[in-house]
Amino acid sequence: MIEVELKVRADINRARERLQGLGASPEGIEFQHDLYFNAPWRDFSRSDEALRIRIKGEGGLLTYKGPKIDPLSKTREEIEVEVSDWRQARQLLLRLGFEEVGEVKKWRERYEIGGFTVSLDRVEGLGEFVEVE
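The rules behind these values
As a convention, each chain's residues are numbered from 1 in the sequence order in which they are written. In keeping with the model being predicted, local features are shown solely for residues with a pLDDT of at least 70 and side-chain atom pairs are shown and tallied solely at 80 or more, while totals for entire chains, interfaces and linings include all residues. The side-chain numbers reported here are obtained from all heavy atoms of the structure, hydrogens and water having been left aside. Here a helix means four or more residues in a row that DSSP labels H or I, a strand means two or more in a row labelled E, and each is numbered from the N terminus. The classification of residues rests on relative accessible area computed with a 1.4 Å probe and restricted to protein chains. Under 20% of the type maximum is buried, over 50% is exposed, and intermediate values are partly exposed. Between N or O atoms, a polar contact is any pair within 3.5 Å; within protein, one atom must be a potential hydrogen donor and the other a potential acceptor, and residues adjacent in sequence are included only when both atoms are from side chains. Any two residues having at least one pair of non-hydrogen atoms within 4.5 Å are treated as being in contact. For this quantity, the arc is that covered by the directions from the helix axis to the C-beta atoms.

Enquirer: Looking at this structure, I do not really get the side chain of arginine 54. What am I missing?
Expert: By the secondary structure assignment, arginine 54 is in strand S4 (residues 50-56). Relative accessible area serves as the criterion here: at 9%, arginine 54 is assigned to the buried category. A distance of 2.7 Å separates polar atoms of two side chains, one belonging to arginine 54 and the other to aspartate 34. Aside from chain neighbours lying at most four places away, what touches arginine 54 is Gln32, His33, Asp34, Gly59, Gly60, Leu61 and Lys106.

Enquirer: I keep staring at unusual backbone geometry and nothing clicks. Help me out?
Expert: The bulk of non-glycine residues show a negative phi, and the bulk of peptide bonds are trans. At aspartate 48, a position not held by glycine, the phi torsion is positive, near 60 degrees. Checked against the element boundaries, aspartate 48 lands in the loop between helix H2 (44-47) and S4.

Enquirer: Got a minute to help me understand the environment of glutamate 131 in this structure?
Expert: On the secondary structure map, glutamate 131 appears in strand S9 (residues 127-132). Residues glutamate 131 and valine 118 lie 13 residues apart in sequence; the distance between their C-alpha atoms is 5.6 Å. For glutamate 131, the contacting residues outside a window of four places in its chain are Glu5, Leu6, Lys7, Arg108, Thr117, Val118, Ser119 and Asp121. For glutamate 131, the side chain forms a polar contact with the side chain of arginine 108, separated by 3.3 Å.

Enquirer: Whenever I open this one, helix H1 (residues 12-21) confuses me. Can you help?
Expert: Every α-helix carries 3.6 residues per turn, so stepping three or four residues along brings you back to the same face. Taken as a whole, H1 has its buried residues at Ile12, Ala15, Arg16 and Leu19. Each buried residue of H1 lies within a common arc of 100 degrees when the element is viewed along its axis, so the set occupies one face. Facing away from the buried side of H1 by more than 90 degrees, the exposed set consists of Arg14, Glu17, Arg18 and Gly21. On the buried face of H1, the contacting elements are strand S7 (99-113), strand S8 (116-123) and S9.

Here it is as structure tokens:
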């Protein structure tokens, strides 16, 4: 699948007011906890790729994101696989030589408008962002 998204630093309270004024449909709020990994044979930060486990209860999503196709947006290939046990998925990656290199925790508030998903993110230690997908 090809994912197309734009992400910018923003005041999410102002963005929320604007979305509500435009009639966007609220889709809920969720906490996301992501663990990022680097491959033993290449540096994903240099190749513009990402590999993460998004923890969802006991399970989660194992996601690979390829290099950006478009320099203005974050258009890239994305492959996601559901895992029933994120701890075992983490252990598998570590045993294969992957290194855990980062952790991101955020609260995400989602809206739907005009066929787009708009996310208002409060990222621990980084600030507030608006993402359109």
